[in-house]
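# Per-entry structural report
Below are the chains, spelled out letter by letter.
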Amino acid sequence: MKKRILTLTLALSLALLAACGGGGSSSSNPSGSGSQDNSSVSTPDQSQPDGSGDTSSPDASNPDSSAPDGSQGGDSSSTPLPDEGEVTASLSLSKNDFTLFTAGATWQLKASATPAGGTFTWSSSDENVASVSDNGTVTAVAPGTATITVTDSATGLTARCIVRCSWEEQTDSGSSSGSGSSSSGGSSSSSSGGSSSSSSVDLSAFADQVMADHPFGMLQLLDASLLENLYPGMGNVSTEQCLVYGTMMSMNNGEFGLVQVKDSADVDTVKAIFQARIDGMINGGAWYPEPTRIWTECSRVVSNGNYVMMVVHEDCDAIVDAFNALF
């Protein structure tokens, strides 16, 4: 009986001891059961900065990150833009040298300045040879050479152009200047011959001046054979001077002709020959669109006395003005 009571008491003691010992053994339990409190776990929280302080890549949310923030100013914002440089002041004229062939003939010079906005002042080195107006129009006065100067008020720069007034000046008796006599008994037998020569205009000199001022391209003075080929009938006209410049190139952008006929009745004949050449080029002869346009829009046939001119050039109207100024 005593043994049974002792055994029961021992069993109850062991059961009580087991119940009390289960709650305090968590610190030594290596299994890490689900009932454990993990708040003291030493594994770092991935949402917090690493306690070591040095990471191989910057934290994008950290403004002090070593990677540059695109929204913040860097070296590029402090780099000055390249200087555009100062504009170089300049002044130029539309011509540097030209010739007027008769008293009263005019030509307007045009000045171009950089920067623009200044006032141009014009002057002539010899008003007795050539005068110049406030807008740059030069007027021939007497044979000789003068220099036209323009000054830009904005920059103080000047530009110059040489004007050559070239013709044989005549006295009232018809003889050339310097050869006349105040004696009433002086011979006038040469007056009729002088009058004939005084009315003559040097078409060759005029052609040289025009083609220097207004480049035509590949033109050549046509010989008798080429002249008759391109301008049929011209060889049958009696002329004092006949200068026709043409080209055999397929890209024909213009031609130039000057004729002085002996008989005024032939003026219309020469004009018709020139016009026939223009019409033929317009109606297929020029072939290409741009040459056809030039022959259509920029061709002129004019006459003055026994002189006839045909011009096909972009500057045709200016050339016509120069031609009319000869007379």
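Provided above is the structure to which this section pertains.
Residue positions are given per chain, counted from 1 along the sequence in the order it is written. Residues qualify for local features only when their pLDDT is at least 70, as the model is predicted, and side-chain atom pairs are given and counted only at 80 or more; totals for whole chains, interfaces and linings, by contrast, use all residues. In computing side-chain properties, one takes all heavy atoms of the structure into account and sets aside hydrogens as well as water.

## Looking at the overall build of the chain
- Of the regular secondary structure elements, the chain holds seven helices and 14 strands.
- In this scheme, a residue with accessible area under 20% of its type's maximum is buried, one over 50% is exposed, and one in between is partly exposed, where area comes from a 1.4 Å probe on protein chains only. Out of the 327 residues in the chain, the part that is buried amounts to 29%.
- Contacts between residues were defined by any pair of non-hydrogen atoms, one from each residue, lying within 4.5 Å. If you take every contact in the chain between residues at least 6 apart in sequence, the share linking residues at least 24 apart comes to 57%.
- The method behind every accessible area is Shrake-Rupley, applied with a 1.4 Å probe, and residues are considered shielded solely by the protein chains displayed. Element-wise, carbon and sulfur atoms account for 50% of the exposed surface of the chain, whose accessible area totals about 20400 Å². For the purposes of this entry, the term helix denotes a DSSP run of H or I that reaches at least four residues, the term strand denotes a run of E that reaches at least two, and both are numbered from the N terminus.

## Overview of the packing of helix 5 (residues 267-285) against helix 6 (residues 289-297)
- Note on method: axes are straight lines fitted to C-alpha atoms, helices fitted across the in-contact stretch only, with angles between N-to-C directions ranging 0 to 180 degrees. Remark: helix 5 packs on helix 6, axes separated minimally by 8 Å, with the N-to-C direction vectors making an angle of 145°. Crossing angle aside, the handedness with which helix 5 passes helix 6 is left-handed. From helix 5, R277, I278, M281 and I282 reach across to helix 6, where they touch T292, W295 and T296.
- Only Asp, Glu, Lys and Arg are considered charged in this grouping, and only Ala, Val, Leu, Ile, Met, Phe, Trp, Tyr, Cys and Pro are considered nonpolar; every other residue, Gly among them, is considered polar. For the contact of helix 5 with helix 6, the class distribution of residues is four nonpolar, two polar and one charged. By definition, turning the near helix anticlockwise from the far helix through less than a right angle yields a left-handed crossing, and turning it clockwise yields a right-handed one.

## Description of a nonpolar patch on the surface
- Patch definition: residues above 30% relative accessible area lacking any salt bridge, with like charges linked at up to 9 Å and the nonpolar side chains Val, Leu, Ile, Met, Phe, Trp and Tyr linked at up to 5 Å. Put simply, a salt bridge is a Lys or Arg side-chain nitrogen that is within 4 Å of an Asp or Glu carboxyl oxygen. The grouping of M251, W287 and Y288 at the surface amounts to a nonpolar patch, some 370 Å² of accessible area in total.
- You can see M251 is positioned in the loop between strand 11 (239-246) and strand 12 (256-261).

## Notes on the sheet that holds strand 13 (residues 299-304)
- Taken in spatial order, the five strands of this open sheet run 10-11-12-14-13, and their pairing is antiparallel. Edge positions in the sheet fall to strand 10 (220-221) and strand 13, since each has one partner strand and no second.
- Strand direction decides the pairing type here: strand 11 and strand 12, joined by six bridges, are antiparallel. Each bridged residue has a counterpart across the sheet, and for L243 the counterpart in strand 12 is L258.
- Helix 3 (residues 203-213) rests against strand 11, strand 12 and strand 14 (307-312) of the sheet, and its axis sits at about 165° to strand 12.
- Seen against the sheet, helix 5 touches strand 11, strand 12, strand 13 and strand 14 and runs at an angle of roughly 10° to strand 14. Note: two strands are recorded as paired if DSSP finds a minimum of 2 bridges between them.

## A few points about the environment of T151
- Assignment of secondary structure puts T151 in strand 8 (residues 144-152).
- Taking the C-alpha atoms as reference, T151 lies 8.0 Å from T119; in sequence the two are 32 residues apart.
- T151 has contacts with L91, T119, F120, T121, G156, L157 and T158, leaving out every residue within four places of it along the chain.

## Here's the deal with the pattern of salt bridges
- A complete count under the given rule lists seven salt bridges for this structure.
- Notably, a salt bridge pairs D97 with R164, separated by 2.6 Å at the nearest N-O pair. Of this pair, D97 sits in strand 2 (residues 97-100) while R164 sits in strand 9 (residues 158-165); the two residues are 67 residues apart in sequence, bridging distant segments of the chain.
- Classification of D97 by relative accessible area gives partly exposed; the value is 29%.
- Residues participating in the shared-partner salt-bridge network are E290, R293, E297 and E314.

## Some remarks on the environment of S264
- With respect to the helices and strands, S264 occurs in the loop between strand 12 and helix 5.
- Taking relative accessible area as the criterion, S264 reaches 49% and is therefore assigned partly exposed.
- As for S264 and G305, which are separated by 41 residues in sequence, their C-alpha atoms are 7.3 Å apart.

## Points about the nonpolar core
- Counting 68 residues, the largest nonpolar core has L109, V138, F206, Y231, F256, F274 and M309 as the members making the most contacts within it.
- Setting aside chain neighbours within four positions, we find L109 in contact with L93, S94, K95, F98, W122, N135, G136, V138, I148 and C161. Note on terminology: a nonpolar core comprises buried Ala, Val, Leu, Ile, Met, Phe, Trp, Tyr and Cys residues joined through side-chain atoms within 4.5 Å.

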